[in-house]
Amino acid sequence: MTDILEANDRIAAVNRQVFDRHRNLVLNLMSSPGAGKTILLEKTAEALKGKLRLGVIVGDIETARDKERLEKYGLPVVQLNTGSACHLDANMIASALPHVDLTNIDVLVIENVGNLVCPAEFKVGEDFKIMILSVTEGDEKPLKYPLMFRESSLLLINKVDLLRYTNFSLEEAKANARKVHPDIEIMDMSCITGEGISEWTAWLSRCYQKKFGAKSRA
Ligand code: MG
Ligand code: ZN
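These remarks concern the structure in this document. (Residues numbered from 1 in each chain as written. Chains lettered and ligands numbered in written order. Predicted model: local features only at pLDDT ≥ 70, side-chain atom pairs only at ≥ 80, totals over all residues. Heavy atoms only, no water.)

**Observations regarding the sheet that holds strand S1 (residues 25-30)**
Strand pairing within a sheet occurs via backbone hydrogen bonds; the two strands may be parallel or antiparallel.
And step 1. With parallel pairing, the seven strands of this open sheet are ordered in space as S3-S2-S4-S1-S5-S6-S7. Edge positions in the sheet fall to strand S3 (77-81) and strand S7 (185-188), since each of these pairs with one other strand and no more. Averaged over all pairs of adjacent strands, the angle between their axes in this sheet comes to 20°, without regard to strand direction.
And step 2. Against the sheet, helix H2 (residues 37-48) makes contact with S1, strand S2 (54-60), strand S4 (107-111), strand S5 (128-134) and strand S6 (154-158), and its axis sits at roughly 170° relative to S2, the strand it touches most. (Pairing = 2+ DSSP bridges. Helix = DSSP H or I, 4+ residues; strand = E, 2+ residues; numbered from the N terminus. Axes fitted to C-alpha atoms, helices over the stretch in contact; angles between N-to-C directions. Contact = heavy atoms within 4.5 Å.)

**Some thoughts on the pairing of S3**
And step 1. Extensive coverage of S3 is indicated by the burial of four of its five residues.
And step 2. Two elements, S2 and S3, share five bridges in a ladder whose sense is parallel. Bridged to Gly59 within S3 is Leu80.
And step 3. Regarding topology, helix H3 (residues 65-71) serves as the crossover connection from S2 to the parallel S3, and that connection is right-handed. (Buried < 20%, exposed > 50% of the residue type's maximum accessible area, 1.4 Å probe, protein only. Right-handed = clockwise from strand over helix to strand, strands pointing away.)

Printed below as a string of structure tokens:
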């Protein structure tokens, strides 16, 4: 397993060089299935219009449904179907790169396969791993799946509009996330009401500026 991960990391480092050369801020977006990765990208596409140019590589075991959803926003989207694999790895991303117009992208989001476990083990060439936890999943998840929370720079707690229908405690979830990763940044979010979207896009702009020293090239 160590060998597999080392080989993966070498390919990820090459991907990263390609992204840096094209001035792409690259995020590896992870969550369990149904937490809201694709809707977050739909809302992000709307919010970033005229500011930063978004592109997406989306991984799913089967179907091109997410690609079809995202293309309605005029984004460059490449769909990867992993067949049986429950995560993306650096090699899959390398194989997608010839199909992505990196010169016309500022922020590239790699939407990983919905899974709280192994996506966190495989670098793909990203600047940051980020994750979504939705309030319908339970506030104990950071303790049960610590690696993903430990690896993520930013945690978006999505579906806060549903809080009153659940026994999810925001305070508990945040305390648990900080137990496994004291420095993790956390934002409350609802992709339905739009709560948190402007904080999130401001985070993206800050990261882009930090990496490239400019707001955008657009
Ligand atoms: Mg999706
Ligand atoms: Zn996997």
